[in-house]
Amino acid sequence: MADLVVLGFSDREKAGAVLRLAKDLSRQELLDLEDAALAWRTMDGKIHVRQSHNPTATGAAGGALWGTLFGMLFLMPVFGAAVGAATGAAAGKLTDVGINDAFVKEIAGTLEPGRAAVFALVRRSTPDRVREAVRPFNPSVIRTSLTKDREEDLIAALHSV
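The structure presented is a predicted model; accordingly, all values stated were derived computationally and were not measured.

Undergrad: Explain the sheet that holds strand 1 (residues 3-9) to me, using residue names and the numbers behind them.
TA: Overall, antiparallel pairing links the five strands, which are arranged 3-2-4-1-5 in an open sheet. Of all strands in the sheet, those bounded by a partner on one side alone are strand 3 (47-51) and strand 5 (140-144). The sheet shows a mean angle of 20° between the axes of neighbouring strands, taken without regard to direction. Two strands pair when backbone bridges link them, and strand 2 (residues 31-41) and strand 4 (residues 116-125) are joined in this way by nine bridges, in the antiparallel orientation. Pairing of L33 across the sheet is with V122, part of strand 4.

Listed below in structure tokens is the structure:
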């Protein structure tokens, strides 16, 4: 089962850097994310969300592939690809996997203008190495699905010098 961790940052740039760091940690096999998202609030109060997993695009690509294959059976590969892509995109848009979009928007609505948050659904990690890599960005823990003891350990580890 995956654990949800929401970290707050002083600005979008730091939060974006942490998302890029997460991808690097993933390549090093120190972090396995099921899903991640970045949310920020501009100085004028507008909320923006960027998901790392796009089910619509994934569905469209898969649908186009399968549509082409089925289209070739009926000697209409272009038509099959178009229908498959449209069907896959529609199915992907209706599929909500990973972090709940409504939850992301709810938490993003609590951010102060100029601040940002990173949402991470973590399958597994090497906690000490990940904490050490994230600590320089000075995150605050906004919310987790961890036990109270593990959450307190995370907070202490992120703020220790």
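Undergrad: If you had to explain the environment of P127 to someone new, which residues and values would you point to?
TA: For P127, the location among the structural elements is in helix 5 (residues 127-134). What makes P127 partly exposed here is its relative accessible area of 38%. Placed 96 residues apart in sequence, P127 and L31 show a C-alpha to C-alpha distance of 8.4 Å.

Undergrad: Talk me through the pattern of salt bridges; I want residue IDs and the actual numbers.
TA: Tallying each qualifying case throughout the model produces six salt bridges. In this structure, the salt-bridge partner of D3 is R150, at a minimum N-O distance of 3.4 Å. With D3 in strand 1 and R150 in helix 6 (residues 148-159), the pair connects residues that are 147 residues apart, well separated along the chain. The exposure class of D3 is partly exposed, given its relative accessible area of 21%. The salt bridge partner of R124 is D32, with a shortest N-O separation of 4.0 Å. One end of the pair, R124, is in strand 4; the other, D32, is in strand 2, and 92 residues separate them in sequence.

Undergrad: Give a detailed account of helix 4 (residues 101-108), specifying residues and quantitative values.
TA: Those residues of helix 4 not exposed but buried are F103, V104, I107 and A108. Viewed along the axis of helix 4, the buried residues span an arc of 130°, placing them on a single side of the element. Counted as exposed and oriented over 90 degrees from the buried face of helix 4: A102 and K105. Tucked into the core, helix 4 has its buried residues touching strand 1, strand 2, strand 3, strand 4 and strand 5. Measuring from the side-chain oxygen of the N-cap residue of helix 4 to the backbone nitrogen of A102 gives 2.8 Å; that N-cap residue is N100.

Undergrad: Before we move on, could you go through the nonpolar core and cite the residues and values that matter?
TA: Core analysis: the largest hydrophobic core is formed by 24 residues, its most contacted members being L7 and L38. When contributions to this core are tallied by element, the ones reaching two or more residues are strand 1, helix 1 (12-27), strand 2, strand 4, helix 5 and helix 6. When residues in this core are grouped by element, the largest group, six residues, is from helix 1. Those residues in contact with L7, other than ones at most four positions away along the chain, are A116, A117, V118, V134, P139, S140, V141, I142 and L158.

Calculation rules
- Note that residues are indexed from 1 along each chain, following the sequence as it is written.
- With the structure being a predicted model, the display of local features is reserved for residues of pLDDT at least 70 and the display and counting of side-chain atom pairs for 80 or more, all residues being used for whole-chain, interface and lining totals.
- Excluded from the side-chain calculations are hydrogens and water; all other atoms, namely the structure's heavy atoms, are used.
- By this definition, two strands are paired if DSSP reports at least two bridges between them.
- What counts as a helix is a DSSP run of H or I of at least four residues, what counts as a strand is a run of E of at least two, and both are numbered from the N terminus.
- Throughout, an axis means a line fitted to C-alpha atoms (over the contacting stretch in the case of helices), and angles, computed between N-to-C directions, take values from 0 to 180 degrees.
- Only protein chains enter the calculation, and the probe is 1.4 Å; a residue is then buried if its accessible area is under 20% of its type maximum, exposed if over 50%, and partly exposed in between.
- A pairing counts as a salt bridge when a side-chain nitrogen of Lys or Arg comes within 4 Å of a carboxyl oxygen of Asp or Glu.
- This arc describes the spread of directions from the helix axis toward the C-beta atoms.
- Contacts between residues were defined by any pair of non-hydrogen atoms, one from each residue, lying within 4.5 Å.
- Within 3.5 Å is the distance limit for a polar contact, defined as a pair of N or O atoms, with the added protein rule that one can donate a hydrogen and the other accept it, and that residues adjacent in sequence qualify only through two side-chain atoms.
- What is meant by a nonpolar core is a set of buried Ala, Val, Leu, Ile, Met, Phe, Trp, Tyr and Cys residues, joined one to another through side-chain atoms within 4.5 Å.

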